[in-house]
Amino acid sequence: MKSQALRDIATTLFGDNKGLLAMDESTPTCNKRFARLGIPQTEEARRAYRELIVTTPGLGECIGGAILYDETIRQHKKDGTPFVKVLIDAGIIPGIKVDIGAKELAGYPGEKVTEGLDGLRDRLAEYFGMGARFAKWRAVIAIGGDLPSRCCIAVNANALARYAALCQEAGLVPIVEPEVLMQGNHTIESCSEVTEKVLREVFCQIHLQGVVLEEMILKPNMVLPGSDCTSQPSVEEVADATVNALLRAVPAAVPAVAFLSGGQSAELATARLNAMSVRFKSRLPWAVAFSFARAIQQPALELWKGRDENVLAAQQALYHRARCNQTARRGEYSQEMEKV
Ligand code: 5MM
């Protein structure tokens, strides 16, 4: 029974070419983004911003699931309606980030391991009771010099699989997010090699720990050169490098791969997703979708600036990005859409 429910959730999240909206910024990350735009870093400002997002008209046409943060899943609209109810009423499945962040990895300077396994079984039960039906855990892997170390890949893959197994036990679909970071001057070839290595280790641990492939979602990075690399590839080259790396490392039984945006511009992330659909759709074993945070939210946040009078414009920008990404999943996105 639980197994069928998990499969149904995994499918529903991405039905009709929808994707996920990651709105799970922890308080420090959200505050950092607010600070850059001169928005007050208060609980009320974060609540107001999240209300703007979840009440965006039509959002449920393009977004199948929203990933919330612990503070956000407990919040309400100004009129008292819980955000979880607002999302469900809009046809959006609520999800929850359950890791407690990437911390310095002892003995490995410059590398991190994601924490949050202690007490996770109890927290998952609480989130399920609050209405969450999927969860997310993000590991970060840096490239540069001798990095990543074997240790960094191994401990993060182990934790991702432990988290995923606990989620399935609790009736939540695990979103497994091993993010190979874009910071640095490495080449696209280097990112491809590391991404493949990381994914192989993640799926090895997933197999070892009995996680059911059909009941999980992978949230990987696109294969990109470092942001300081002097050679930047075309949209098509990124699409090819990304899909080829994934085809070599991601089992066909996984229902969907939903990319993170990782600091790419909103339009580039959409164009690259579109190119993957155009060039590979007929030969992909999994649905290829999006689970963007910045690449959906950033234009809206910049318009809002913390002011009530900007809410409508910000919501239109958010809806626009969600719609563009849905269109990219069909392989029908073009620059023309950005002129509207
Ligand atoms: C929203 O950002 C999430 C991480 O937040 P914290 O650093 O505050 O814990 C992150 O996991 C996000 O969901 C994914 O990386 C996707 O976000 P981008 O902006 O890369 O699409």
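Residues numbered from 1 in each chain as written. Predicted model: local features only at pLDDT ≥ 70, side-chain atom pairs only at ≥ 80, totals over all residues. Heavy atoms only, no water.

A.B. asks: Talk me through the overall build of the protein; I want residue IDs and the actual numbers.
C.D. replies: When helices and strands are tallied, the protein shows 13 helices and 10 strands. In terms of overall size, the protein behaves like a compact globule, its C-alpha atoms giving a radius of gyration of 19 Å where 340 residues would be expected to give roughly 20 Å. Projecting the C-alpha coordinates of the protein onto the three principal axes gives extents of approximately 50 × 45 × 40 Å. In the protein, which comprises 340 residues, the proportion classed as buried is 56%. By sequence separation, contacts in the protein at least 24 residues apart represent 78% of the contacts at least 6 residues apart. Carbon and sulfur atoms provide 52% of the accessible area of the protein, an area that totals close to 14,000 Å². Computed over 39 positive and 40 negative side-chain charges, the separation of the two mean positions in the protein equals 1 Å. (Helix = DSSP H or I, 4+ residues; strand = E, 2+ residues; numbered from the N terminus. Rg over C-alpha atoms; globule rule 2.2 N^0.38 Å. Buried < 20%, exposed > 50% of the residue type's maximum accessible area, 1.4 Å probe, protein only. Contact = heavy atoms within 4.5 Å. Areas by Shrake-Rupley, 256 points an atom, 1.4 Å probe, with all protein chains shown as cover. Lys, Arg positive; Asp, Glu negative; His and termini not counted. Charge placed at Lys NZ, Arg CZ, Asp CG, Glu CD.)

A.B. asks: Quick one: what's the story with the pairing of strand S3 (residues 93-97), residue by residue and with numbers?
C.D. replies: Most of S3 is tucked away: five of the five residues are buried. Alternating positions in S3 separate into two faces, Ile93, Gly95 and Lys97 on one and Pro94 and Ile96 on the other, with burial throughout. Judged from the four bridges that link them, strand S2 (residues 63-68) and S3 form a sheet pairing that is parallel. When the sheet's bridge partners are listed, isoleucine 67 is paired in S3 with glycine 95. Both S3 and strand S6 (residues 134-141) contribute to a ladder of three bridges, which runs parallel. Note on S6: the bridge partner recorded for glycine 95 is phenylalanine 134. (Pairing = 2+ DSSP bridges.)

A.B. asks: With reference to specific residues and values, describe the nonpolar core.
C.D. replies: With 116 residues, the main nonpolar core has Val98, Tyr163, Val176, Val250 and Phe259 as its most contacted residues. In terms of residue count, the dominant contributor to this core is helix H8 (residues 150-170) (10 residues). Not counting the four nearest positions on each side in its chain, phenylalanine 259 is found in contact with Pro220, Asn221, Met222, Thr242, Leu246, Leu273, Met276, Val288, Ala289, Phe290, Ser291 and Phe292. (Core = buried A, V, L, I, M, F, W, Y, C linked by side-chain atoms within 4.5 Å.)

A.B. asks: Hey, could you go over the pattern of salt bridges for me, with residue numbers and the actual values?
C.D. replies: Proximity of charged atoms lets side chains of opposite charge pair with each other. Taken as a whole, this structure holds 23 salt bridges when the rule is applied. A salt bridge links glutamate 196 to arginine 200; the nearest nitrogen and oxygen atoms lie 2.6 Å apart. On the criterion of helical spacing, the pair formed by glutamate 196 and arginine 200 is a turn pair, its members being four residues apart in helix H9 (residues 188-208). Residue glutamate 196 is classed as buried on the basis of its relative accessible area, which comes to 15%. Put simply, glutamate 196 and arginine 248 hold a salt bridge, and the shortest N to O gap is 2.8 Å. Note that glutamate 196 is positioned in helix H9 and arginine 248 in helix H10 (residues 235-249), a separation of 52 residues in sequence. What makes arginine 248 partly exposed here is its relative accessible area of 44%. The structure contains a network of salt bridges with shared partners spanning Asp24, Lys97, Lys136, Arg138, Glu177 and Glu179. (Salt bridge = Lys/Arg side-chain N within 4 Å of Asp/Glu carboxyl O.)

A.B. asks: Quick rundown of the site of the ligand? Include the residues and the values.
C.D. replies: In the vicinity of the ligand, 18 residues are found, and the nearest of them are Ser26, Thr29, Lys136, Ser261 and Gly262. Between an oxygen atom of the ligand and a side-chain N or O atom of glutamate 177, the distance comes to 3.0 Å. Serine 261 has a polar side-chain atom sitting 2.4 Å from an oxygen atom of the ligand. Protein burial of the ligand: of its 500 Å² of free accessible surface, 91% is covered by the chains. Listing elements by their share of the shell around the ligand, those giving two or more residues are S6, strand S7 (173-180) and strand S10 (287-292). A class-by-class count of the residues in the shell around the ligand yields four nonpolar, five polar and nine charged. (Near = heavy atom within 4 Å. Polar contact = N/O pair within 3.5 Å; in protein donor to acceptor, adjacent residues only side chain to side chain. Nonpolar A, V, L, I, M, F, W, Y, C, P; charged D, E, K, R; others polar.)

A.B. asks: Pulling in residues and values, what's your account of the side chain of serine 291?
C.D. replies: As for its placement among the helices and strands, serine 291 is situated in strand S10. Assessed through its relative accessible area of 1%, serine 291 is described here as buried. Of note is the side chain of serine 291, whose polar atom sits 2.8 Å from the side chain of lysine 219. Setting aside anything within four residues of it in sequence, one finds serine 291 in contact with Leu20, Ala22, Ile67, Lys219, Ala258, Phe259 and Leu260.

A.B. asks: Before we move on, could you go through the sheet that holds S10 and cite the residues and values that matter?
C.D. replies: Ordered in space as S1-S2-S3-S6-S7-S8-S9-S10, the eight strands form a closed barrel in which the pairing is parallel. Relative to S2, strand S1 (residues 19-22) runs parallel, the two sharing four bridges. Within S2, the position partnered with leucine 20 by the bridge is glycine 65. Each of S6, S7 and strand S8 (217-218) touches H9; the most contacted strand, S7, lies at about 150° to it. (Axes fitted to C-alpha atoms, helices over the stretch in contact; angles between N-to-C directions.)

A.B. asks: Lay out the packing of aromatic side chains with the relevant residues and their values.
C.D. replies: This model, assessed by the stated rule, comprises five aromatic pairs. Between the aromatic rings of tyrosine 49 and tryptophan 304, the centroid separation amounts to 5.3 Å while the plane-to-plane angle is 25°, which identifies the pairing as stacked. Placement of the pair is tyrosine 49 in helix H3 (residues 43-54) and tryptophan 304 in helix H12 (residues 294-304), with a sequence separation of 255 residues. Every member of this aromatic cluster is reached through a ring pair, and the members are Phe34, Tyr49 and Trp304. In this arrangement the basic side chain of arginine 133 is found over the ring face of phenylalanine 128, its NZ or CZ atom lying 3.8 Å from the centre. (Phe/Tyr/Trp six-rings, centres within 6.5 Å; stacked < 30°, edge-to-face > 60°. Lys NZ or Arg CZ within 6 Å of the ring centre and 35° of its normal.)

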